[in-house]
Amino acid sequence: MNHRLKREFGLSGLQYEILARLSGAPGRELRMAELASALVNSRSGLTYQIGQMEKNGLVCRRAGAPDERAVFAVLTDEGLALLKRAAPGHVGLVRELLFDALTPQQVRALADGLGEASRRLTVGTACSPPATATATATATATPTATATDPGP
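These figures come from a predicted structure and were not determined experimentally. (Residues numbered from 1 in each chain as written. Predicted model: local features only at pLDDT ≥ 70, side-chain atom pairs only at ≥ 80, totals over all residues. Heavy atoms only, no water.)

(A) The arrangement of the overall build of the protein in detail. Scanning the protein from terminus to terminus reveals 7 helices and 3 strands. For the protein, contacts bridging at least 24 residues in sequence account for 54% of all contacts bridging at least 6. As displayed, the protein has an accessible area near 8,800 Å², and 58% of this comes from carbon and sulfur atoms. (Helix = DSSP H or I, 4+ residues; strand = E, 2+ residues; numbered from the N terminus. Contact = heavy atoms within 4.5 Å. Areas by Shrake-Rupley, 256 points an atom, 1.4 Å probe, with all protein chains shown as cover.)

(B) Spotlight on the pattern of salt bridges. Throughout the structure, instances matching the rule amount to 8 salt bridges. Close ionic contact of Glu8 with Arg4 constitutes a salt bridge, the shortest N to O distance being 3.3 Å. Highlighted residues: Glu8 and Arg4, both in helix 1 (residues 2-9), separated by 4 residues, approximately one helical turn. The exposure class of Glu8 is partly exposed, given its relative accessible area of 41%. Here Glu116 makes a salt bridge to Arg120, at a shortest N to O gap of 2.7 Å. Here Glu116 and its partner Arg120 are both found in helix 6 (residues 104-123), 4 residues apart, which amounts to about one turn of the helix. The exposure class of Glu116 is buried, given its relative accessible area of 18%. For Arg120, a relative accessible area of 33% translates into the label partly exposed. (Salt bridge = Lys/Arg side-chain N within 4 Å of Asp/Glu carboxyl O. Buried < 20%, exposed > 50% of the residue type's maximum accessible area, 1.4 Å probe, protein only.)

(C) Here's a closer look at the side chain of Gln49. Among the secondary structure elements, Gln49 is positioned in helix 4 (residues 43-55). Owing to a relative accessible area of 14%, Gln49 belongs among the buried residues under this scheme. Residues within four places of Gln49 in sequence aside, it is in contact with Ser12, Leu14, Gln15 and Ile18.

(D) Representation of helix 4 within the structure. Under the 1.5 Å per step criterion, the end-to-end length of helix 4 is 18 Å for 13 residues, consistent within 8% with the ideal 18 Å. Every buried residue belonging to helix 4 is among Leu46, Gln49, Ile50, Gly51 and Met53, and all of these are buried. Those residues of helix 4 hidden inside the fold are in contact with helix 2 (13-23), helix 3 (32-38), strand 2 (59-63) and strand 3 (71-75). Gly57 occupies a position one or two residues after helix 4 and carries a positive phi of about 75 degrees. (Expected span 1.5 Å × (residues − 1).)

(E) Region of the structure containing the nonpolar core. Grouped together as the largest cluster of nonpolar side chains are 26 residues, with contacts concentrated most on Tyr16, Ile18, Leu19, Leu22, Leu35, Leu46 and Ile50. In terms of residue count, helix 5 (residues 77-97) provides more of this core than any other element does, 6 residues in total. Not counting chain neighbours up to four residues away, the residues in contact with Ile50 comprise Ile18, Met32, Leu35, Val59, Arg61 and Ala73. (Core = buried A, V, L, I, M, F, W, Y, C linked by side-chain atoms within 4.5 Å.)

(F) Region of the structure containing the packing of helix 2 against helix 5. Running from N to C, helix 2 and helix 5 cross one another at 110 degrees; their axes reach a closest spacing of 10 Å. Comparing the axis directions of helix 2 and helix 5 gives the class roughly perpendicular. By crossing handedness, the relation of helix 2 to helix 5 is classed as left-handed. Together, Tyr16, Leu19, Ala20 and Ser23 of helix 2 and Gly79, Leu80, Leu82, Leu83, Ala86, Ala87, His90 and Val91 of helix 5 make up the contact between the two elements. (Axes fitted to C-alpha atoms, helices over the stretch in contact; angles between N-to-C directions. Parallel < 35°, antiparallel > 145°, perpendicular 65-115°, else oblique. Left-handed = near helix turned anticlockwise from the far one by under 90°.)

(G) Quick look at the environment of Phe72. Note that Phe72 resides in strand 3. Since its relative accessible area comes to 13%, Phe72 is described here as buried. Spatially, the C-alpha atoms of Phe72 and Glu34 are 9.2 Å apart, while their sequence positions differ by 38 residues.

Next up, the structure:
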(Lines give C-alpha, C1' and ligand atoms only; values in the text may rest on other atoms or scores of the structure.)
Protein backbone atom coordinates (compact mmCIF):
# COMPACT_ATOMS: atom_id res chain seq x y z
CA MET A 1 0.00 0.00 0.00
CA ASN A 2 2.79 2.41 0.89
CA HIS A 3 4.58 1.69 -2.40
CA ARG A 4 1.42 2.46 -4.36
CA LEU A 5 0.85 5.75 -2.49
CA LYS A 6 4.49 6.72 -3.05
CA ARG A 7 4.53 5.70 -6.71
CA GLU A 8 1.21 7.25 -7.72
CA PHE A 9 0.99 10.28 -5.42
CA GLY A 10 4.42 10.85 -3.89
CA LEU A 11 3.07 10.22 -0.38
CA SER A 12 4.19 7.89 2.39
CA GLY A 13 1.53 6.12 4.41
CA LEU A 14 2.18 8.51 7.29
CA GLN A 15 1.83 11.54 5.03
CA TYR A 16 -1.48 10.20 3.72
CA GLU A 17 -2.66 9.75 7.30
CA ILE A 18 -1.61 13.32 8.14
CA LEU A 19 -3.65 14.65 5.20
CA ALA A 20 -6.63 12.50 6.18
CA ARG A 21 -6.57 13.61 9.81
CA LEU A 22 -6.24 17.28 8.89
CA SER A 23 -9.07 17.01 6.38
CA GLY A 24 -11.43 15.82 9.10
CA ALA A 25 -10.43 18.47 11.64
CA PRO A 26 -12.33 21.72 12.18
CA GLY A 27 -10.86 24.35 9.87
CA ARG A 28 -8.61 21.59 8.40
CA GLU A 29 -6.06 22.25 11.15
CA LEU A 30 -4.72 20.58 14.28
CA ARG A 31 -2.17 21.50 16.92
CA MET A 32 1.09 19.74 16.10
CA ALA A 33 1.19 18.07 19.54
CA GLU A 34 -2.37 16.77 19.11
CA LEU A 35 -1.61 15.48 15.62
CA ALA A 36 1.55 13.71 16.79
CA SER A 37 -0.38 12.06 19.61
CA ALA A 38 -3.21 10.97 17.29
CA LEU A 39 -0.68 9.43 14.90
CA VAL A 40 1.28 7.83 17.74
CA ASN A 41 4.36 9.55 16.36
CA SER A 42 7.07 11.62 17.98
CA ARG A 43 6.81 15.39 17.79
CA SER A 44 10.18 15.58 16.05
CA GLY A 45 9.14 12.92 13.53
CA LEU A 46 5.95 14.82 12.79
CA THR A 47 7.85 18.09 12.48
CA TYR A 48 10.07 16.48 9.84
CA GLN A 49 7.08 15.10 7.90
CA ILE A 50 5.22 18.41 8.05
CA GLY A 51 8.36 20.17 6.80
CA GLN A 52 8.57 17.84 3.81
CA MET A 53 4.88 18.26 3.06
CA GLU A 54 5.13 22.03 3.47
CA LYS A 55 7.85 22.12 0.77
CA ASN A 56 5.38 20.42 -1.56
CA GLY A 57 2.58 22.86 -0.71
CA LEU A 58 0.37 20.19 0.91
CA VAL A 59 0.28 21.75 4.38
CA CYS A 60 1.43 24.91 6.10
CA ARG A 61 2.16 25.80 9.68
CA ARG A 62 0.71 28.67 11.61
CA ALA A 63 1.41 29.96 15.07
CA GLY A 64 -1.36 30.05 17.65
CA ALA A 65 -2.72 33.25 19.14
CA PRO A 66 -0.07 35.62 20.50
CA ASP A 67 -0.55 34.30 24.04
CA GLU A 68 -0.21 30.65 22.95
CA ARG A 69 2.96 28.75 22.13
CA ALA A 70 1.09 26.22 19.99
CA VAL A 71 1.88 25.58 16.35
CA PHE A 72 -0.85 24.30 14.06
CA ALA A 73 -0.57 22.13 10.95
CA VAL A 74 -3.03 23.33 8.31
CA LEU A 75 -4.16 21.41 5.23
CA THR A 76 -3.84 23.53 2.09
CA ASP A 77 -6.21 23.39 -0.88
CA GLU A 78 -3.46 21.59 -2.81
CA GLY A 79 -3.14 19.01 -0.02
CA LEU A 80 -6.88 18.44 0.05
CA ALA A 81 -6.97 18.02 -3.74
CA LEU A 82 -4.19 15.41 -3.56
CA LEU A 83 -5.99 13.56 -0.78
CA LYS A 84 -9.19 13.50 -2.81
CA ARG A 85 -7.27 11.99 -5.74
CA ALA A 86 -5.45 9.41 -3.60
CA ALA A 87 -8.26 8.37 -1.26
CA PRO A 88 -10.50 6.29 -3.56
CA GLY A 89 -7.71 3.97 -4.67
CA HIS A 90 -6.16 3.76 -1.21
CA VAL A 91 -9.45 3.05 0.53
CA GLY A 92 -10.33 0.48 -2.13
CA LEU A 93 -6.99 -1.27 -1.71
CA VAL A 94 -7.33 -1.36 2.10
CA ARG A 95 -10.83 -2.77 1.72
CA GLU A 96 -9.69 -5.38 -0.82
CA LEU A 97 -6.57 -6.52 1.04
CA LEU A 98 -7.91 -6.40 4.57
CA PHE A 99 -11.65 -6.20 5.03
CA ASP A 100 -12.83 -8.29 2.07
CA ALA A 101 -10.71 -11.19 3.36
CA LEU A 102 -12.40 -11.18 6.79
CA THR A 103 -15.79 -12.25 8.07
CA PRO A 104 -17.89 -9.66 9.91
CA GLN A 105 -16.98 -11.34 13.20
CA GLN A 106 -13.27 -11.11 12.34
CA VAL A 107 -13.64 -7.43 11.45
CA ARG A 108 -15.28 -6.78 14.86
CA ALA A 109 -12.50 -8.71 16.65
CA LEU A 110 -9.85 -6.78 14.70
CA ALA A 111 -11.53 -3.47 15.53
CA ASP A 112 -11.73 -4.39 19.23
CA GLY A 113 -8.07 -5.42 19.30
CA LEU A 114 -6.83 -2.35 17.45
CA GLY A 115 -9.02 -0.11 19.59
CA GLU A 116 -7.47 -1.52 22.75
CA ALA A 117 -3.94 -1.19 21.32
CA SER A 118 -4.67 2.40 20.28
CA ARG A 119 -6.03 3.21 23.72
CA ARG A 120 -2.93 1.82 25.39
CA LEU A 121 -0.60 3.68 23.05
CA THR A 122 -2.51 6.90 23.54
CA VAL A 123 -2.52 6.52 27.32
CA GLY A 124 1.18 5.68 27.11
CA THR A 125 1.22 2.56 29.23
CA ALA A 126 0.25 -1.06 28.80
CA CYS A 127 -0.59 -1.26 32.52
CA SER A 128 -3.72 0.87 32.36
CA PRO A 129 -7.00 -0.65 33.53
CA PRO A 130 -8.97 -2.43 30.81
CA ALA A 131 -11.28 -0.30 28.71
CA THR A 132 -15.01 -0.78 28.80
CA ALA A 133 -16.70 -2.04 25.67
CA THR A 134 -18.05 1.46 25.00
CA ALA A 135 -14.64 3.09 25.37
CA THR A 136 -13.08 0.48 23.10
CA ALA A 137 -15.75 0.96 20.45
CA THR A 138 -15.31 4.73 20.61
CA ALA A 139 -11.51 4.50 20.38
CA THR A 140 -11.82 2.13 17.46
CA ALA A 141 -14.28 4.19 15.46
CA THR A 142 -12.15 7.32 15.30
CA PRO A 143 -8.81 5.96 13.95
CA THR A 144 -10.49 3.59 11.51
CA ALA A 145 -12.79 6.24 10.09
CA THR A 146 -9.98 8.74 9.77
CA ALA A 147 -7.56 6.32 8.15
CA THR A 148 -10.02 5.31 5.46
CA ASP A 149 -12.22 8.36 5.02
CA PRO A 150 -10.54 11.52 3.72
CA GLY A 151 -13.37 13.64 5.02
CA PRO A 152 -15.00 16.54 3.21
